[in-house]
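# Coordinate inspection notes
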Amino acid sequence: MSTIPLTKRGAEKLKAELHQLKSVERHAVIQAIAEARAQGDLSENAEYDAAKDKQGFIEGRILEVESKLAAAQIIDPSTLDAGGRIVFGTTVDLEDEDTGNQVTYQIVGDDEADLKLGLISISSPISRALIGKVVGDVAEVRAPGGVRHYEIMAVRYL
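These lines cover the structure that appears in this document, whether it is placed above or below.

## With respect to helix α1 (residues 8-38)
- With 31 residues, α1 extends 44 Å between its outermost C-alpha atoms, agreeing within 8% with the 45 Å of an ideal straight helix rising 1.5 Å per residue.
- Where α1 is concerned, the buried positions are Gly10, Ala11, Leu14, Leu18, Leu21, Val29, Ile33 and Ala36.
- Residues of α1 that are buried make contact with β1 (4-7), α2 (46-70) and β2 (72-75).
- At the exit of α1 stands Gly40, carrying a positive phi of roughly 110°.

## Focus: the sheet that holds strand β6 (residues 138-143)
- Strands sit in the order β5-β4-β3-β7-β6 across an open sheet of five strands; the sheet is mixed. Edge positions in the open sheet fall to β5 (119-121) and β6, since each of these has one partner strand only. On average, each strand axis in the sheet is inclined to that of its neighbour by 45°, with strand direction left out of account.
- The sheet contact formed by β6 and strand β7 (residues 146-156) spans six bridges and is antiparallel. In the strand pairing of β7, Ala139 is matched with Tyr150.

## Remarks on the pattern of salt bridges
- Throughout the structure, instances matching the rule amount to eleven salt bridges.
- Residues Lys54 and Glu25 are paired through a salt bridge, measuring 4.0 Å at the closest nitrogen-oxygen approach. In this pair, Lys54 sits in helix α2 while Glu25 sits in helix α1, placing the two residues 29 residues apart along the sequence.
- A relative accessible area of 44% means that Lys54 is categorised as partly exposed.
- Notably, a salt bridge pairs Lys68 with Asp111, separated by 2.7 Å at the nearest N-O pair. Here the residue Lys68 occupies a position in helix α2, and Asp111 occupies one in the loop between β4 (102-108) and β5, the gap between them amounting to 43 residues.
- Owing to a relative accessible area of 31%, Asp111 belongs among the partly exposed residues under this scheme.
- A network of salt bridges, in which partner residues are shared, links Glu17, Arg61, Glu64, Lys68 and Asp111.

Criteria and thresholds
Once a new chain begins, its residue numbering starts again from 1 and follows that chain's sequence as written. It should be noted that, the model being predicted, local features are given only for residues of pLDDT at least 70 and side-chain atom pairs only at 80 or more, the latter also being counted only at that level, while totals for whole chains, interfaces and linings use all residues. The basis for every side-chain value is the complete set of heavy atoms in the structure, and neither hydrogens nor water enter the calculation. Runs of E in the DSSP output that reach at least two residues are strands. Runs of H or I that reach at least four are helices, and both are numbered from the N terminus. To estimate how far a helix should reach, multiply one less than its number of residues by 1.5 Å. Buried means the residue's accessible area, taken with a 1.4 Å probe over protein chains only, is under 20% of the maximum for its type, while exposed means over 50%, and partly exposed covers the values in between. Pairs of residues are marked as contacts when any of their non-hydrogen atoms sit within 4.5 Å. At least two DSSP bridges between two strands are needed for those strands to be called paired. Structural elements are reduced to axes, namely lines fitted to C-alpha atoms, with helices fitted over the stretch in contact, and the angle between N-to-C directions of any two is expressed from 0 to 180 degrees. The working definition used for a salt bridge is a side-chain nitrogen of Lys or Arg within 4 Å of a carboxyl oxygen of Asp or Glu.

Below you can see the structure in the form of structure tokens.
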């Protein structure tokens, strides 16, 4: 089994989701199944079928989160010393050379990625283009929308 890189924040988020699934969602669906059973004939009971489907989803997600946490390599970006190079967990300020727009991203694990929050996946095209670069370098990003050039303005380990 290979390791899954996660920031400390991402691991905490997965642990909170696991706790929610086990302590709240699982019990709620068991209650829904019990109520549906009490209604009688299960062969024509849509509530029972829906509750069983939801139970299957919840149990599958619990297994998935548990396996991710078991394989996690938790990285605290604030303890990194990469000599100014962009690595997993780095927060980086970029300037698009074509438009002059500036953006800030943190490179995180696949499960943590949320572009609206400036969190980009380690497996994204932009992350792959940035890894190993330093301030002043230009990263050529081959994305579905075409090739973009970003100048690295700042690299922080937060």
